Every structure is written in C-alpha cells, then in structure tokens.
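Here are the chains, one letter per residue:
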Amino acid sequence: MVQRREYLNQLKQWKDEKVIKVITGLRRCGKSTLLQMFRDHLESSGILPEQIIFINFEDIEFENLLDYKKLYQYICDRLVPDKMNYIFLDEIQAVSDYQRAVDSLYLKENTDIYITGSNAYLLSGELATLLSGRYVEINMLPLSFAEYCELVSGNDKESLFAEYMRFGSLPYIASLDPVSEKADIYLEGIYNTIIIKDIELRQQRKERDPNKRKVTDTTLLRNISKFLANSIGSPVSIKSIANYISSNVRPISQNTVADYVEALVEPYVFYPIERYDVFGKNLLKQNCKYYIVDLGIRRHLLSRSRYDLGFSLENLVCLELLRRGYSVNVGKVGSAEVDFVAKKSDQTEYYQVTASMVDESTFDREISPLKSISDNYPKTILTLDRLSLGNYEGILVKNAIDWLLDK
C-alpha cells in the first residue's frame, strides 16, 4: 500500500485546528485508505483508540446511522470528555441532512472532524453556507506517476509510464496484472458505479430542491462523457456538445446538456479548466477545456484504434499541476495558446505540453507563445523526447516523465 504522503501531510498540518477537514474526490481514488492511514498515524503518536470514532457509510454496519439525528447521538454517546475526539465520517453524502449533524458536532469542544465525499455537491448549497469559513477542502486525485512507481515493481520508468497512461491511475489498478482483462472489467465497474450512485444522489436532491433537474438517461450521460473524453485538449462549449448530440444521437437542448455535464463534473470524472487571457489578465467565460480524472477510464470510454499521445500527456500534466496545489487555467496569448497557466500563492508558471519537440515546426509552434510573454515567471515545455531538452532563451524544455517524478 503506497503512502499518499502529500495528502497525509496536509491532514497532519490541519490536525487539531478548529476547521472541518473535507476530503473530496472520485470514488475509489483512495479517500478511505487515506483516512485509515491518518488513523494509524494518530494511534502511533499516542492517541487512544477510544478517542477515534470512525464511520464508513458504505458499510452496512452503520446503516442505522443514515439519519442525521441518530448519527449525532451515536457520536455524542462516544465522546471522551476532557480529551480531543477525532471523528471520521467516510462518504458522508449518504446521510440525509448530514450537514446538521456535522455543524452541531463542530460546535462542541474537543472535536476534530474529518469527512469524505465523492461528489462536489458536498460543498455546495446549504452545507457551504452553514460551514462558511469553518472548513478546508482537500481534493484528492488518483495516484501520481511517482506513487504508481512505488506500487508497481520494475525499474524501467518508460515501460511503467506506458502502463500508467494506458490503464490509468486508480490505486487498485496498480495491483492488477495489466495484460489481463481484469483491469478493463474493474474500470467498467468503477464508471458504472459512479454513474449509478450519482443518479441516485441527484434524485434525492431533486426531492429537496425543485430547481435541480433530474438526470435519468444513462445512455445520454455516456454519450456526453464520450464526447468530453474525446475532446480533452480542445475548447468545448455546451452549445457544441448539444449540436454534436443532436446531429449524431437525438435532438437535445443546451439546458439538458448543461445538466448532464454537471452530472459528470460533480463526481469528479471531469475537471473543467477555464481559459485565461494572459495579456488582459481576466478569465474568459466561453469554451473551457475538460480533462478526465483517469486515462484508464478514458480508454474504456473510447476504445479507439488510434492513440492521441499528445492530448493524453496534456491531461496528465493538468492533473499533476492540480495535485501539486496549483490553480490551473488555459492561457490565451493573443491568437495563440499556452496549455497551462499555473498559479500558487503569488507565483505563476507557464507550461506547454507536446509529445515531441524534434520537428522544427512543432518546436516553433510550442515555443513562440511563451516567447511572447514578457514577464519573468518560469516557462516550461514538457515533452517525451530527450533530444530537444535544454534552455532556450530562458524557456526550459524538460522530459515529462522526469518532471512527473520530480518531487
């Protein structure tokens, strides 16, 4: 089992702080394992087992706690007086009106609360209002390439990288034989579970929120997810999706498309990345890009004969920047584009991503937008070839695999 050190360190840093720690991310990306790792850390550092209350709401053992009042009372009955109590609530969205229990527990002395959820709705609406200023979100992604290499035996990083791109980054995938059909069966199950669970959740929310439209057509949802998976690296709009579906599947409104795209973004299957005007210093509201959370799921959706290596690599770099704590935008530079404008604190970095820089026209196309940016922030081109590596007038060309492994 790989130690998810970056996420574990974040939990350690927030330990005992009077904020609710909310861990979000795709189902089966490792949130429950992370909580267990942190629980082990607490016990190894002297915290008594009775000070830790751990509830996984996907476990039938806790089915009777899906009512928020019963959950609240169950926890209150187990709080140890005069000691810090560590409360772990895994997949909390299964509890109806869970925010009431969480907020009431937060108000008590000596409670340190950690919750996980597999849907962005967890931090929207009533809960976000109720807990405003009282929580910190840790968005968890599947394995980085460096973590994948820790789990999978082998010293040939190039071969491991090929497996990582083909079969994806979900933790359980790394334990399977990549040449067997088990990986494909597992990915099919993961995708279907996400879709089914999300539909169930949206129907529950529909009952409480009449403005929330239902998402019931799983075939349409799959068609839209295929369109987005096929379009990574390209700007898309709700209108362009609606036009495609209407022309190739059945007539559909833009409002319906928007609902179904939201149903794919909320469970962290796709991450929308907005465009940013580098010269104008403002966000552009139209035609964002969508990147998929896992390339294995993408391959499962598309099952294509031709592999678009460049866009797949771009997808990996986007996720890695998010994993490293950057806010990420696609950069508009006049009529050209920089793949990513990455910001953290007051630091900005620019990234171009391409499979190869060997061809002269590709080299010029990738480096020209970076040359046109006159500020002194770092500018990097990531590529899989090793022939073009170097420093070109302050613009670094790095090998993408080395960059992914650089901690």
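Examining the pattern of salt bridges
- Applying the stated criterion across every chain yields a total of 22 salt bridges.
- Salt-bridge contacts for Lys 289 lead to Glu 337; the nearest nitrogen and oxygen are separated by 2.6 Å. Here the residue Lys 289 occupies a position in strand β7 (residues 282-292), and Glu 337 occupies one in strand β9 (residues 336-344), the gap between them amounting to 48 residues.
- The class for Lys 289 is buried, based on a relative accessible area of 1%.
- Overall, Glu 337 belongs to the partly exposed group, its relative accessible area being 26%.
- Because the salt bridges share partners, they merge into one network encompassing Arg 27, Arg 28 and Glu 58.

Digging into the packing of aromatic side chains
- Tallying each qualifying case throughout the model produces 13 aromatic pairs.
- Counting every residue linked through ring pairs, the aromatic cluster contains Phe 38, Phe 54, Phe 88 and Tyr 114.

Describing the layout of surface pockets
- Considering only enclosed or pocket space, the largest pocket measures out at about 740 Å³ in volume.
- In terms of lining residues, the largest pocket is bounded by 34 residues, among which Glu 6, Glu 320, Arg 323, Arg 324 and Lys 407 are the most central.
- When contributions to the lining of the largest pocket are tallied by element, the ones reaching two or more residues are α1 (5-14), β5 (135-140), α6 (145-151), α13 (309-323), β10 (347-354), β11 (379-383), β13 (395-399) and α15 (400-405).
- The element that contributes the greatest number of residues to the lining of the largest pocket is α1, accounting for 7 residues.
- Here the residues of the lining of the largest pocket are counted per class, giving 11 nonpolar, 9 polar and 14 charged.
- Lining the second largest pocket are 21 residues, with Arg 28, Gly 30, Thr 33, Pro 171 and Tyr 172 sitting closest to its centre.
- By residue class, the composition of the lining of the second largest pocket is 11 nonpolar, 5 polar and 5 charged.

With respect to the environment of Lys 108
- Inspection of the secondary structure puts Lys 108 in the loop between α4 (98-106) and β4 (111-117).
- It is 52 Å that separates the C-alpha atoms of Lys 108 and Leu 396, two residues lying 288 residues apart in sequence.
- If sequence neighbours within four positions are ignored, Lys 108 has contacts with Lys 18, Tyr 72, Cys 76 and Leu 79.

Observations regarding α13
- The terminal C-alpha atoms of α13, which comprises 15 residues, lie 21 Å apart, in line with the 21 Å expected from a rise of 1.5 Å per residue.
- Of all 15 residues that make up α13, 11 are buried, and the element is covered over most of its length.
- Within α13 the residues assigned to the buried category are Ser 312, Leu 313, Glu 314, Asn 315, Leu 316, Val 317, Cys 318, Leu 319, Glu 320, Leu 321 and Arg 323.
- Gly 325 sits one or two positions beyond α13 and adopts a positive phi of about 95 degrees.

Some thoughts on the environment of Arg 324
- The topology assignment puts Arg 324 in the loop between α13 and β8 (327-333).
- When the C-alpha atoms of Arg 324 and Lys 344 are compared, they prove to be 9.3 Å apart, with 20 residues separating the residues in sequence.
- Among residues more than four places away in sequence, those in contact with Arg 324 are Lys 344, Trp 403, Leu 404 and Asp 406.
- Engagement of the side chain of Arg 324 in a polar contact is seen with the backbone oxygen of Asp 406, the distance being 3.3 Å.

Brief notes about empty space enclosed by the protein
- Enumeration over the complete set of coordinates arrives at 2 cavities of 30 Å³ or more.
- Empty space within the second largest cavity amounts to approximately 40 Å³.
- Every residue lining the second largest cavity is listed: Tyr 164, Gly 168, Ser 169, Val 293, Asp 294, Leu 295, Leu 316 and Leu 319.

Structural notes on the state of the cysteines
- Scanning all chains against the criterion turns up 0 disulfides.
- Sulfur of Cys 288: no disulfide; nearest cysteine sulfur belongs to Cys 318 and is 11 Å away.
- Residue classification places Cys 288 among the buried residues on the basis of a relative accessible area of 15%.

Some words on helix α12 (residues 295-302)
- Buried residues dominate α12, accounting for 7 of its 8 residues.
- For α12, the set of buried residues is Leu 295, Gly 296, Ile 297, Arg 298, Arg 299, His 300 and Leu 301.
- You can read the cap of α12 off the contacts: a side-chain oxygen lies 3.0 Å from the backbone nitrogen of Gly 296, and it is on Asp 294.
- Phi turns positive, to about 45 degrees, at Ser 303, one or two residues after α12.

Conventions and cut-offs
- Every chain's residues receive numbers from 1 upward, in the order its sequence appears when written.
- At least 70 in pLDDT is required for a residue's local features to be given in this predicted model, at least 80 for side-chain atom pairs to be given and counted, and no such filter applies to totals for whole chains, interfaces and linings, which use all residues.
- Side-chain descriptors were evaluated using all non-hydrogen atoms of the structure, hydrogens and water having been removed beforehand.
- A pair is scored as a salt bridge if a Lys or Arg side-chain nitrogen falls within 4 Å of a carboxyl oxygen belonging to Asp or Glu.
- Counting from the N terminus, the helices are DSSP H or I runs at least four residues long and the strands are E runs at least two residues long.
- Burial classes: relative accessible area under 20% of the type maximum marks a residue as buried, over 50% as exposed, and values in between as partly exposed (1.4 Å probe, protein chains only).
- Each pair of aromatic rings taken from Phe, Tyr and Trp, with Trp reduced to its six-membered ring, is defined by centres within 6.5 Å and is described as stacked if the planes are under 30 degrees apart, edge-to-face if over 60, and tilted in the remaining cases.
- Here a cavity denotes grid points, spaced 1 Å and computed from the protein atoms alone, that fit a 1.4 Å probe unable to get out, and a pocket denotes an open set having protein on both sides within 12 Å along at least 5 of 7 lines; residues with an atom within 4 Å of a point are the lining.
- Grid points are joined across faces, edges and corners, and a volume is the space filled by probe spheres set on the points.
- Here the nonpolar group is Ala, Val, Leu, Ile, Met, Phe, Trp, Tyr, Cys and Pro; Asp, Glu, Lys and Arg are the charged ones; every other residue, Gly included, is treated as polar.
- By the convention used here, residues are in contact when the closest approach between their heavy atoms is within 4.5 Å.
- Here, expected helix span is obtained from the residue count minus one, scaled by 1.5 Å.
- For the purposes of these results, a polar contact is taken to be a pair of N or O atoms within 3.5 Å, where, inside protein, one atom must be able to donate a hydrogen and its partner to accept one; residues adjacent in sequence count only when each atom of the pair is a side-chain atom.
- We call a pair of cysteine sulfur atoms a disulfide when they lie within 2.5 Å.

All quantities given are derived from atomic positions and should not be read as evidence of function.
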